[in-house]
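Remarks on the overall topology
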Amino acid sequence: MSERAAPFYCPYCGEEDLFPSEQGHGAWECRGCNRAFQLKYLGLLARGFQGNSAGGDSI
């Protein structure tokens, strides 16, 4: 799979000036704060979506 899911903004400064990094899959560089970071999808949680924990419908 060669497609990447691109982040919308830097998790450190909020800037949207991001570019793929040469460090590997999921690695990104922020030109706003000069930081590099890596994103990794871990998978779905086994417990699934919990919804409203009070047990009733919320309006």
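Scroll up to find the structure.
No experiment lies behind these values; they were computed from the predicted model shown. (Residues numbered from 1 in each chain as written. Predicted model: local features only at pLDDT ≥ 70, side-chain atom pairs only at ≥ 80, totals over all residues. Heavy atoms only, no water.)

To continue, consider the nonpolar core. Formed by Cys10, Leu18, Trp28, Cys30 and Phe37, the largest nonpolar core amounts to 5 residues. If near-sequence neighbours (up to four positions away) are discounted, Phe37 is found in contact with Pro7, Cys10, Pro11, Tyr12, Leu18, Gly26, Ala27 and Trp28. (Core = buried A, V, L, I, M, F, W, Y, C linked by side-chain atoms within 4.5 Å. Buried < 20%, exposed > 50% of the residue type's maximum accessible area, 1.4 Å probe, protein only. Contact = heavy atoms within 4.5 Å.)

With that out of the way, let us pick up the sheet that holds strand S2 (residues 27-30). Across the sheet, which stays open at both edges, the 3 strands sit in the order S1-S2-S3 with antiparallel pairing between neighbours. Looking at which strands have only one partner, the edges of the open sheet turn out to be strand S1 (18-20) and strand S3 (35-38). Looking at each pair of strands side by side, their axes are set apart by 30 degrees on average, direction ignored. Across 3 bridges, the pairing between S1 and S2 is antiparallel. Each bridged residue has a counterpart across the sheet, and for Phe19 the counterpart in S2 is Glu29. (Pairing = 2+ DSSP bridges. Helix = DSSP H or I, 4+ residues; strand = E, 2+ residues; numbered from the N terminus. Axes fitted to C-alpha atoms, helices over the stretch in contact; angles between N-to-C directions.)

Relative to the helices and strands, Arg31 is located in the loop between S2 and S3. Once the C-alpha coordinates of Arg31 and Asp17 are considered, the two residues, 14 residues apart in sequence, prove to be 5.7 Å apart. Apart from the residues lying within four places of it in its own chain, the contact partners of Arg31 are Asp17 and Phe19.

Trans peptide bonds make up the majority, and among non-glycine residues the majority have a negative phi. One non-glycine residue with positive phi stands out, namely Asn34, at about 60 degrees. Along the polypeptide, Asn34 turns up in the loop between S2 and S3. The class of Asn34 is exposed, set by a relative accessible area of 71%.

In textbook terms, the turn of a hairpin is the stretch between consecutive antiparallel strands, and for S1 and S2 this stretch comprises 6 residues, one of which, Gly24, has a positive phi near 140 degrees. Adjacent in sequence and paired antiparallel, S2 and S3 are bridged by 4 residues, among which Asn34 carries a positive phi angle near 60 degrees.

Function-wise, these values are silent; they only describe arrangement.
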